[in-house]
Amino acid sequence: MAKRIGFVDNKLENFHANVFLKGFRNELKERGWTVGGGYALDADSGRAWAKKNDVPYFNSPADLNAHVDGFMILAPSNPELHLDLAQKVFPFGKPTYVDKTFAPDVATAQRIFDLAHGHGTPIQTSSALRYTNVQDFVKAAGGSAAVKHMITWGGGSSFGEYAIHPVELLVSCMGAAAQSMMRRGTGEYSQLLINYHGGRTGVVNVYTHGDTPFAASVTTAKETTILTVDASKIFVNNAAAVLDLFESRKPNVDPEETMMIRRILDVAEDPVALKEFVTL
């Protein structure tokens with residue numbers, strides 16, 4: 001039986017479309033899934049990408065739906081388009097991955113989840129920073145409850161597009177039960193101070209100037225360990241988790257964590273958070 005993925009995007013010509021396609025055709029080839037077609041809001045760009053990569057292009061999501069078994073909504077630089085793209089594909093009821101950043105704000109994120117629920121469509125979203133050696137370390141150390149304090153670092157060209165990565169790294173390790181947050185700095189160096197229940201704490205550093213590797217320090221009752229993210233397999237691991245969703249029709253990312261990540265990002269843009277802790 002064919003197992004086919006449909007890429008739905010803004011332009012299709014972007015790093016995520018390329019790296020996911022490569023992963024399905026190479027490292028994950030034995031799992032038997034292929035990219036069965038693509039659709040883009042920018043049709044000219046979409047057709048050019050599809051032709052270059054030998055992927056069938058379809059003029060509408062409905063046409064694409066007849067040729068795929070699961071969807072990936074990409075547009076990683078345009079979260080403001082994710083709801084519109086979700087409205088186009090969720091009615092088909094097929095498992096769907098929505099790329100980072102899930103939504104531009106909490107209200108839209110909730111609308112996307114509600115839309116999926118209304119159509120019985122299994123969905124999940126994540127940054128590739130959910131699938132790293134840091135999460136492996138935390139799991140081996142006893143899980144999120146064992147983490148007393150955690151610091152994450154991340155770079156990128158802008159806070160708006162790249163803060164998702166170190167925030168996802170922290171929440172995927174510490175859990176969704178963050179209580180309050182404050183932000184220090186709005187320029188090229190920002191720091192988010194996050195309080196959890198029971199005195200557990202987290203710090204997210206977002207540096208948009210210079211070369212900052214994704215990294216974390218994890219403090220347990222036993223020790224503090226500093227880890228640099230091994231980025232060599234994170235997109236393949238992310239793609240493998242998408243295939244797990246497609247095959248099981250059960251999300252493997254906690255929606256509460258997704259919503260907490262979005263709440264943290266929303267509060268980070270609130271001027272009040274520069275003066276005091278804001279409830280999450």
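Refer to the structure printed above.
Q: Is there a simple way to think about unusual backbone geometry in this case?
A: Leaving glycine out, the prevailing phi sign among residues is negative, and the prevailing peptide bond configuration is trans. Of note, the amide linkage connecting lysine 100 to threonine 101 takes the cis form, showing an omega dihedral of -20°. Positive phi values are uncommon outside glycine, yet leucine 12 reaches one of about 70°. With respect to the helices and strands, leucine 12 occurs in the loop between strand S1 (3-9) and helix H1 (15-25). Classification of leucine 12 as buried rests on a relative accessible area of 0%.

Q: Help me understand the packing of aromatic side chains, please; the structure alone is not making it clear to me.
A: For any pair of aromatic rings, the description consists of the separation of the ring centres together with the inter-plane angle of the planes. Tallied over the entire structure, the rule returns eight aromatic pairs. Here phenylalanine 102 and phenylalanine 113 contribute two aromatic rings whose centre-to-centre distance is 4.9 Å and whose plane-to-plane angle is 40°, an arrangement assigned as tilted. Residue phenylalanine 102 is found in the loop between strand S4 (96-99) and helix H5 (106-119), and its partner phenylalanine 113 is found in helix H5; the two are separated by eleven residues along the sequence. Owing to a relative accessible area of 6%, phenylalanine 102 belongs among the buried residues under this scheme. Relative accessible area serves as the criterion here: at 14%, phenylalanine 113 is assigned to the buried category. A connected cluster of aromatic rings, assembled from ring pairs, spans Phe15, Phe20, Tyr97 and Phe235.

Q: Would you mind showing me how to read helix H9 (residues 234-248) here?
A: An ideal rise of 1.5 Å per residue puts 21 Å on 15 residues; H9 measures up with 21 Å between its terminal C-alpha atoms. For H9, the buried fraction is high: eleven of the 15 residues fall into the buried class. Along H9, the residues classified as buried are Ile234, Phe235, Val236, Asn238, Ala239, Ala240, Ala241, Val242, Leu243, Leu245 and Phe246. Tucked inside the fold, the buried residues of H9 contact S1, H1, strand S2 (33-40), strand S3 (70-73), S4 and strand S5 (123-126). Positive phi shows up at arginine 249, right after H9, with a value of about 60°.

Q: Please clarify how the sheet that holds S5 should be interpreted in this entry.
A: Backbone hydrogen bonds hold the strands of a sheet together, and the pairing may be parallel or antiparallel. Within the open sheet, the five strands sit side by side as S2-S1-S3-S4-S5. Their pairing is parallel. The outermost strands of the open sheet, each flanked by one partner alone, are S2 and S5. Within this sheet the neighbouring strands show an average axis-to-axis angle of 20°, counted without direction. Examined bridge by bridge, S1 and S2 share seven bridges and lie parallel to one another. Within S2, the position partnered with phenylalanine 7 by the bridge is glycine 38.

About the thresholds
Residues numbered from 1 in each chain as written. Predicted model: local features only at pLDDT ≥ 70, side-chain atom pairs only at ≥ 80, totals over all residues. Heavy atoms only, no water. Helix = DSSP H or I, 4+ residues; strand = E, 2+ residues; numbered from the N terminus. Buried < 20%, exposed > 50% of the residue type's maximum accessible area, 1.4 Å probe, protein only. Phe/Tyr/Trp six-rings, centres within 6.5 Å; stacked < 30°, edge-to-face > 60°. Expected span 1.5 Å × (residues − 1). Contact = heavy atoms within 4.5 Å. Pairing = 2+ DSSP bridges. Axes fitted to C-alpha atoms, helices over the stretch in contact; angles between N-to-C directions.

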